[in-house]
Amino acid sequence: MNLVTTKRWTTLRCRFNLTDIPTSSNRSKRFTFPTYFSTTTGKIQTNIALKVSYLGWDYHGFARHDPLPTIEGSLFTALKKTGLIESVEQSKYSRCGRTDAGVSAFSQVIGLEVKLKSHEETGPKIVSMLNSNLPKDIQVISWAYTKPNFDARHDCISRTYKYYFPRQKLNLDLMKEAGHKFLGTKDFRNFCKVRGAKQLTQFKRTIFQVSVEASKTLAHLQMPERQICELTICGRSFLWHQVRCMTAILFLVGQGLEAPSIVDTLLNIEETPSKPHYEMASELPLVLYDSEYQNLNWNTSTTPDLVAMYWLQRHLEREWQRKMNEAIILENLIDALGQTPVTPPSLQNTLSWSEYWNQGEVQARGAGVDVILGGGSESRVRKYTPLTERQHGIPVGELNKQYLDRKKFKLSQVLTKSNENQ
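Computed from a prediction, not measured in an experiment: that's the story for all the values here.

What counts and how
- Residues numbered from 1 in each chain as written.
- Predicted model: local features only at pLDDT ≥ 70, side-chain atom pairs only at ≥ 80, totals over all residues.
- Heavy atoms only, no water.
- 1 Å grid on protein atoms, 1.4 Å probe; cavity = no way out; pocket = protein on both sides within 12 Å on 5 of 7 lines; lining within 4 Å.
- Points joined across faces, edges and corners; volume = space filled by probe spheres on them.
- Helix = DSSP H or I, 4+ residues; strand = E, 2+ residues; numbered from the N terminus.
- pLDDT = per-residue confidence, 0-100.
- Contact = heavy atoms within 4.5 Å.
- Core = buried A, V, L, I, M, F, W, Y, C linked by side-chain atoms within 4.5 Å.
- Buried < 20%, exposed > 50% of the residue type's maximum accessible area, 1.4 Å probe, protein only.
- Phe/Tyr/Trp six-rings, centres within 6.5 Å; stacked < 30°, edge-to-face > 60°.
- Lys NZ or Arg CZ within 6 Å of the ring centre and 35° of its normal.
- Patch = residues over 30% accessible without salt bridge, like charges linked within 9 Å, V, L, I, M, F, W, Y side chains within 5 Å.
- Areas by Shrake-Rupley, 256 points an atom, 1.4 Å probe, with all protein chains shown as cover.
- Salt bridge = Lys/Arg side-chain N within 4 Å of Asp/Glu carboxyl O.
- Lys, Arg positive; Asp, Glu negative; His and termini not counted.
- Charge placed at Lys NZ, Arg CZ, Asp CG, Glu CD.
- Pairing = 2+ DSSP bridges.
- Polar contact = N/O pair within 3.5 Å; in protein donor to acceptor, adjacent residues only side chain to side chain.

Asks: A description of the layout of surface pockets should follow, citing residues and the corresponding values.
Replies: Estimated volume of the second largest pocket: approximately 1,200 Å³. As for the second largest pocket, its lining consists of 37 residues, and the residues nearest its centre are G97, R98, F238, L239 and W240. If you list the elements that add at least two residues to the lining of the second largest pocket, you get strand 5 (158-166) and helix 7 (242-254). A total of three residues in the lining of the second largest pocket trace back to one element, the largest contributor, which is helix 7.

This is the structure we're talking about:
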């Protein structure tokens, strides 16, 4: 162990009051975790849950979809590499939910059956062992023992999502009014993506909380338009793309393009039996913030796990510094641009670019409306068409029937060709 490494471990030992951080004499013995799981001989099987955090910006969603990079694919690789599982199919694997491509999570939970050499010797090292084999933007935060019949999806009693966005010129009070209408058990078929292959007929979901408020993050920003806000949605479970569709509607209300009553209209399936065409919100600012379970005691209290958490904290702070440096440079560039003097032909006098910009007279591509989609995305339309006047999709029942009819037709074609070959 070189001098720099020795100093590093000495710092950790003092900070956490640890006595079993490896030195040159016991380093190979204590930190050869994969060798503990290199064979199934003498191992015990136990059921555990893992709490995973990840930044999903560079991944094609949570669920494995080979050969594309996914969160689940990385987890499976690490679990097999450490010998905790031999195959996914035999591990009784379950997950809390599937996040879309680009979506992040602070509290994704998976359940599985793992093979341990012993509870005392290898159990407390699960976090550090997995994190050393995972990318830095995917890390296990803690773990817990579970019952053999634990299911991460069905045993979750609530899921909380947060969506971060700059205030811009959004009316937060109108968004709050509209958000309140989502509370309770409602039919959300007009707030999700429907596929005939799923054959869904039940679209009722229960929402416990919808709140819109200014975030404490970057609260020092002076311009109100740049103030960071957060939308919090908590529910028992969610349909595919439900949170992003709900967010898109709240953005329309916040811009004044729709009244808060549009939520009531879309929730009334007799009045609106199928979903009108509209773009859902961007995936990048969305985070699975929390997943709640009963009777799970999360563990991150052993020396190896504390060390793993320490290095995770260091990595995240370095990433935050890099992103903040980029944000500060962009903010100052915008301010510098705003001080540039301009002389618009319509005014025939000189003023700063920010003054002219705030007058709302700048139109680069003619008159139009920029519909906010979050994450820096906008959809520009020449004239905004209210949702009630737009073309609607196919009703769910008809969509399911069309899929089954196509499937039967393809099956009949296969049988016909098979008979002809005979």
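Asks: With reference to specific residues and values, describe the confidence of the model for the protein.
Replies: Chain-level statistics for the protein give a pLDDT mean of 84 and a share of 82% at 70 or above. Note on residues 1-5: pLDDT under 50 across the span, and six contacts to partners over four residues away in sequence or across chains. In the model, residues 18-41 has pLDDT below 50 throughout and makes 47 contacts with residues more than four positions away in sequence or in other chains.

Asks: Lay out the nonpolar core with the relevant residues and their values.
Replies: Counting residues in hydrophobic clusters, the biggest one holds 73 residues, and the most contacted among them are L50, L130, F165, F182, F191 and I249. With nine residues, the top contributor of residues to this core is helix 7. Of all hydrophobic cores here, the second largest spans nine residues; its members include A49, V109, Y293 and L296.

Asks: Explain the packing of aromatic side chains to me, using residue names and the numbers behind them.
Replies: Considering all chains together, one arrives at 13 aromatic pairs under this definition. Measuring from ring centre to ring centre gives 5.3 Å for Y161 and F238, while their planes differ by 85 degrees; the resulting arrangement is edge-to-face. Of this pair, Y161 sits in strand 5 while F238 sits in the loop between strand 8 (228-235) and helix 7, placing them 77 residues apart in sequence. Here Y161 matches F238 in class, with each residue buried. Both rings, one in F165 and one in F251, keep their centres 5.3 Å apart while their planes meet at 80 degrees; by these two values the pair is edge-to-face. Of the two residues, F165 is situated in strand 5 and F251 in helix 7; the sequence distance between them amounts to 86 residues. Assessed through its relative accessible area of 2%, F165 is described here as buried. Grouped by ring-pair contacts, the aromatic residues Y163, F165 and F251 constitute a single cluster. Residue placement shows K162 over the ring face of Y289; its charged tip is 4.9 Å from the ring centre. Sitting over the ring of Y278, K275 keeps its end group 4.8 Å from the ring centre.

Asks: An account of a positive patch on the surface is requested, with residue identities and associated values reported.
Replies: Together, R98, R153, K193, R195 and K198 make up a positively charged patch on the protein surface. Within the secondary structure layout, R98 lies in the loop between strand 2 (94-95) and strand 3 (104-116). R98 sits in the exposed class, given a relative accessible area of 56%.

Asks: Lay out the pairing of strand 7 (residues 204-214) with the relevant residues and their values.
Replies: With four bridges joining them, strand 6 (residues 184-187) and strand 7 adopt antiparallel strand pairing. Along strand 7, the bridge assignment pairs K186 with R205. In the sheet, strand 7 pairs with strand 8 via seven bridges, with the strands oriented antiparallel. Residue pairing across strands places I207 opposite G235, the latter belonging to strand 8.

Asks: Residues and numbers for the environment of W311, please.
Replies: With respect to the secondary-structure elements, W311 resides in helix 9 (residues 303-338). Along the sequence, W311 and K136 sit 175 residues apart, while their C-alpha atoms lie 9.8 Å from each other.

Asks: Can you break down the pairing of strand 4 (residues 138-145) residue by residue, with the values?
Replies: Burial runs high along strand 4: seven of the eight residues are buried. Note that strand 1 (residues 44-54) and strand 4 share seven bridges and pair antiparallel. Within strand 4, the residue paired with K51 across the bridge is S142.

Asks: Account for the pattern of salt bridges, with residues named and values stated.
Replies: Scanning the model with the defined rule gives 12 salt bridges in all. The closest approach of N and O atoms between R226 and D335, which form a salt bridge, is 3.3 Å. Residue R226 is located in the loop between strand 7 and strand 8, and its partner D335 is located in helix 9; the two are separated by 109 residues in the primary sequence. Counted as one network, the salt bridges with shared partners bring together D100, R244 and E283.

Asks: I'd like to hear about helix 4 (residues 71-81), residue by residue, with values.
Replies: Here helix 4 lies mainly inside the structure; eight of its 11 residues are buried. For helix 4, every residue scored as buried is listed here: I71, E72, G73, S74, L75, F76, A78 and L79. Along its buried surface, helix 4 packs onto strand 1, strand 2, strand 3, helix 5 (126-131) and strand 4. At the N-terminal boundary of helix 4, the capping side chain belongs to T70, with an oxygen 3.1 Å from the backbone nitrogen of G73.

Asks: I'd like to hear about unusual backbone geometry, residue by residue, with values.
Replies: The bulk of non-glycine residues show a negative phi, and the bulk of peptide bonds are trans. Residue D66 is joined to P67 through a cis peptide bond whose omega torsion reads 5 degrees. Within the element layout of this structure, P67 appears in the loop between strand 1 and helix 4. Even without glycine at this site, Q168 takes up a positive phi of about 50 degrees. Checked against the element boundaries, Q168 lands in the loop between strand 5 and helix 6 (172-180).

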